[in-house]
Amino acid sequence: MSNKIQNKGLRNIAIIAHVDHGKTTLVDAMFKQSGLFREGQDVDDRIMDSMDLERERGITIAAKNCSVSWKSTKINIIDTPGHADFGGEVERSLSMADGAILLVDASEGPLPQTRFVLKKALEQGLSLMVVINKVDRQDARPDEVLDEIYDLFIDLDANEDQLDFPLLYAIGRDGIAMESPDERGENLHILLDMIVEHVPGPTHDPDEPFQMLVSDLSYSDYLGRLAIGKVHHGAAKSNDQLLCLGDNDARTLLKVTKLQTYDGLKVVPTDTCEPGDIIVIAGIEDVKIGDTICTKDDPKALPRISVDEPTVSMRFGINTSPLAGKEGSLVQSNKIRERLQKETLLNVAIQVDDTESKDAFLVKGRGEFQMAILVEQMRREGFELSVGRPEVIIKVEDGRKMEPIEHLYVDCDEAFMGIVTEKLQVRKGRMTNMVNNGTGRVRLEFSVPSRSLIGYRDEFLTDTKGTGIMNSYLEGYGEHRGEFASRYTGSLVADRAGKAVAYGIFNLEPRGRMFVVPGDPLYEGMIVGEHNRDNDININPSKEKKLTNMRASGKDEAVVLTPVKPMTLEYALNFIKEDELVEVTPLSIRLRKAELSALVRHRAEGKKKKAVQ
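Parameters and conventions
- Residues numbered from 1 in each chain as written.
- Predicted model: local features only at pLDDT ≥ 70, side-chain atom pairs only at ≥ 80, totals over all residues.
- Heavy atoms only, no water.
- Helix = DSSP H or I, 4+ residues; strand = E, 2+ residues; numbered from the N terminus.
- Buried < 20%, exposed > 50% of the residue type's maximum accessible area, 1.4 Å probe, protein only.
- Areas by Shrake-Rupley, 256 points an atom, 1.4 Å probe, with all protein chains shown as cover.
- Axes fitted to C-alpha atoms, helices over the stretch in contact; angles between N-to-C directions.
- Parallel < 35°, antiparallel > 145°, perpendicular 65-115°, else oblique.
- Left-handed = near helix turned anticlockwise from the far one by under 90°.
- Contact = heavy atoms within 4.5 Å.
- Pairing = 2+ DSSP bridges.
- Salt bridge = Lys/Arg side-chain N within 4 Å of Asp/Glu carboxyl O.
- Arc of directions from axis to C-beta.
- Lys, Arg positive; Asp, Glu negative; His and termini not counted.
- Polar contact = N/O pair within 3.5 Å; in protein donor to acceptor, adjacent residues only side chain to side chain.
- Phe/Tyr/Trp six-rings, centres within 6.5 Å; stacked < 30°, edge-to-face > 60°.
- pLDDT = per-residue confidence, 0-100.
- Core = buried A, V, L, I, M, F, W, Y, C linked by side-chain atoms within 4.5 Å.

Across its full length, the chain holds 15 helices and 35 strands. Across the 613 residues in the chain, those meeting the buried criterion constitute 53%. Of the roughly 29,200 Å² of accessible surface on the chain, a fraction of 47% belongs to carbon and sulfur atoms.

So, in structure tokens, the structure goes:
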């Protein structure tokens, strides 16, 4: 039997937290207190949020690595996203960890996305610690939250060792941790000590040859493709001749041109690596997440990273509107294909399939939010494209139609409970639990189809006057619950090209809510507003007032238009129907009909009515 040895000088730890529970702020404080920055060095807040989108939205989208040194022990910190839509990031980041810190808000308690990541960590048998953060909040309830955490662990089938977790209380913003919520700590030293004491060092077999599981990919203009992952056994040096074992036992030889490791936020060159360390290898082009890099003489594959299957698909295509090519630099279908293929290399949860059209692709992922983030990243890179409505992936098992079902948590004022329940029942949701603590707010739990939530979030915020909180996680596939109307309004569609004018818009306002302002370019088939009724109508917002030589008895009143809410990508994706598209460019987000010609649409509608009769 082989003897496993622990690497005592190393700890690999993942941090699990729901969106906005203070994870990135706590990691900032750990950096500062571990001596990573010199005294008086100017440091940004939220250091780990490296993407512009992460800083804007205050969420973690991509899992990232860094390290701190504490009392001669190197601690590799792996940042995990708190949103279930980025589940692929979670799975690959946890594959590098030996332990995890569960960070929970002292008021909100463990929320659904926490549950999703924690379930993955428990399944992998990681050593867990719990930190209850923000205990200085006026509405903090640390004792009740601790009970909820125990309930969550039991609900997720945690074993006795996992239930006996070490516990700390923290105020991440002030960089302090303590053993009791009544104390006032001075720093995070107690947390760093606990990581070293309770998280085991990575184990390895000294008799096994070098093995590394690729958990992340990056790219350097100087070094080419970079493979990032944890060394499971053995050691490697620069210029070593190694082998990459891919899917279906595909083998690729490689020479390590550069070996790097994490030091703080930076990646620094190293001559050799030790078992358990997280390293960056340059020297291989054809590598995928989940591959094993090992020795040529004794190749052995590690278990590949398994990812939950995608539940949502969306059609990506070239921009075919009359305004195509005016605002973006990347408009060709082959450029869009290359970008989507690159995304599948970096994100294991995304799949790209070809369609019957060479100019369109079907992208599958974990949720419409993940899709919206991908589209937003592409438009910022200069792409122009058109995307369809997110649709859930339906499966057929034993002749039965199956669809993804979500477990939805709603926290809202008692006054809004009726409207929320009514709307979700229409969308085939079923209430499974209700908790009323007598504080004026209620917690509701529902089992709802995933397609019910596409487009519901904005409606929910309107119904609860912006005070409701809504979170969900995927329960699995269940029997199809039947059809329901996703939108009760029609579209106002421009019937000709031109520019929107104030007079034309003003006279159309009684018809519904407008999306365009004076001066906006228009084309036939462009959606310029939401109709009050359930049918689409063709309109002309570019109509100007007729001028005559007759003098009016009083001067014309100035036209005052209703302010237009700026179009966001998420709202656009949620608003469109099956026969509509979102036109996305670096400068604009427009809505349009898939078929621009009013005549063709009219004929198709006539044929549909005849077929029904």
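And the narrative resumes.
At a minimum axis separation of 10 Å, helix H10 (residues 417–426) and helix H12 (residues 456–463) run at an interaxial angle of 155°. Taken as axis vectors, H10 and H12 run roughly antiparallel relative to one another. Crossing of H10 against H12: the hand is right-handed. In this structure, H10 contributes Ile 419, Val 420, Lys 423 and Leu 424 to the contact, and H12 contributes Tyr 456, Glu 459, Phe 460 and Asp 463.

So, about the sheet that holds strand E11 (residues 224–233). As a general point, the strands of a sheet are linked pairwise by backbone hydrogen bonds and lie either parallel or antiparallel. Pairing in this open sheet of 8 strands is antiparallel, and the strands run E13-E12-E17-E10-E11-E16-E14-E15 from one edge to the other. Lying at the two open borders of the sheet, with one neighbouring strand each, are strand E13 (251–255) and strand E15 (266–269). Ignoring which end each strand starts from, the neighbouring axes of this sheet average 40° apart. The pairing of strand E14 (residues 258–263) with strand E16 (residues 278–282) spans 4 bridges and is antiparallel. What sits directly across from Leu 259, in E16, is Ile 281.

Now for the pattern of salt bridges. Within the structure shown, the criterion is met by 35 salt bridges. Arg 443 is paired through a salt bridge with Asp 411; the nearest N and O atoms lie 3.5 Å apart. Note that Arg 443 is positioned in strand E26 (residues 441–449) and Asp 411 in strand E24 (residues 400–413), a separation of 32 residues in sequence. The residue Asp 536 makes a salt bridge to Lys 577 at a minimum N-O spacing of 3.4 Å. One end of the pair, Asp 536, is in the loop between strand E32 (526–531) and strand E33 (537–539); the other, Lys 577, is in the loop between helix H14 (569–575) and strand E34 (580–584), and 41 residues separate them in sequence.

A word on H12. Along H12, the positions that sit buried rather than exposed are Tyr 456, Phe 460 and Asp 463. Buried residues along H12 cover an arc of 65° about the axis, so they all sit on one side. Those residues of H12 that are buried lie in contact with E24, H10, helix H11 (450–453) and strand E27 (469–479).

The subject of this paragraph is the side chain of Glu 384. Structurally, the position occupied by Glu 384 is in the loop between helix H9 (368–380) and strand E21 (385–387). At 6.6 Å, Arg 590 is the nearest oppositely charged side chain to Glu 384, a buried residue that forms no salt bridge. A distance of 3.5 Å separates a polar side-chain atom of Glu 384 from the backbone nitrogen of Lys 326.

Moving on, we get to unusual backbone geometry. Positive phi is not limited to glycine here, since Asp 157 has a value of about 60°. Of note, Asn 239 is a non-glycine position whose phi angle comes to about 70°, a positive value. Turning to its location among the elements, Asn 239 is positioned in the loop between E11 and strand E12 (241–245). Take Asn 239: its relative accessible area is 49%, and that puts it in the partly exposed class.

With that out of the way, let us pick up the packing of helix H8 (residues 333–346) against H9. Between H8 and H9, the shortest axis-to-axis distance is 12 Å and the interhelical angle comes to 130°. What the angle tells us is that H8 and H9 run oblique. Note on packing geometry: the crossing formed by H8 with H9 is right-handed. Between H8 and H9, the residues in contact are Ile 336, Arg 339, Leu 340 and Glu 343 and Leu 374, Gln 377 and Met 378, respectively.

With that out of the way, let us pick up the packing of aromatic side chains. Summed over all chains, the structure comprises 6 aromatic pairs. A centroid spacing of 4.9 Å and a plane angle of 40° characterise the contact between Phe 153 and Phe 165, whose relative ring orientation is tilted. Of this pair, Phe 153 sits in helix H5 (residues 142–155) while Phe 165 sits in the loop between helix H6 (160–163) and strand E7 (167–171), placing them 12 residues apart in sequence. A connected cluster of aromatic rings, assembled from ring pairs, spans Tyr 150, Phe 153 and Phe 165.

Among the structural elements, Thr 464 can be located in the loop between H12 and E27. A polar side-chain atom of Thr 464 sits 2.9 Å from the main-chain carbonyl oxygen of Phe 460. Ignoring any residue separated from it by four or fewer positions in sequence, one finds Thr 464 in contact with Cys 412, Phe 416 and Val 420.

Right, let's get into the confidence of the model for the chain. Averaged over the chain, the pLDDT score is 81; the fraction of residues at 70 or greater is 89%. Low pLDDT, under 50, characterises residues 37–51; the predicted model gives this stretch 39 contacts beyond four residues in sequence or across chains. pLDDT under 50 marks residues 53–63. Its contacts with residues more than four places away, or in other chains, come to 48 contacts.

Looking at the secondary structure, you find Asp 105 in strand E5 (residues 99–105). Sequence separation of Asp 105 and Arg 141 is 36 residues, and the distance between their C-alpha atoms is 9.3 Å. A polar contact of 2.7 Å, which involves the side chain of Asp 105, links it to the backbone nitrogen of Ser 107. Reaching out from Asp 105, the side chain makes a polar contact with the side chain of Arg 137 at a distance of 3.0 Å.

Our focus in this paragraph is the nonpolar core. One finds Leu 102, Leu 118, Ile 132, Ile 149 and Phe 153 to be the most contacted residues of the largest nonpolar core, which totals 38 residues. Leu 118 has contacts with Ile 16, Leu 102, Leu 128, Leu 152, Phe 153 and Leu 156, leaving out every residue within four places of it along the chain. Counting residues in hydrophobic clusters, the runner-up holds 30 residues, among them Leu 340, Leu 385, Val 387 and Leu 591.

What follows is about the pairing of strand E17 (residues 292–295). Regular strands place side chains that alternate from one sheet face to the opposite one. In terms of strand pairing, strand E10 (residues 211–220) meets E17 through 3 bridges, oriented antiparallel. Considered in E17, the bridge of Leu 213 is made with Thr 292. One ladder, built from 4 bridges, connects E12 with E17; its direction is antiparallel. For Cys 244, the partnering residue across the bridge sits in E17 and is Ile 293.

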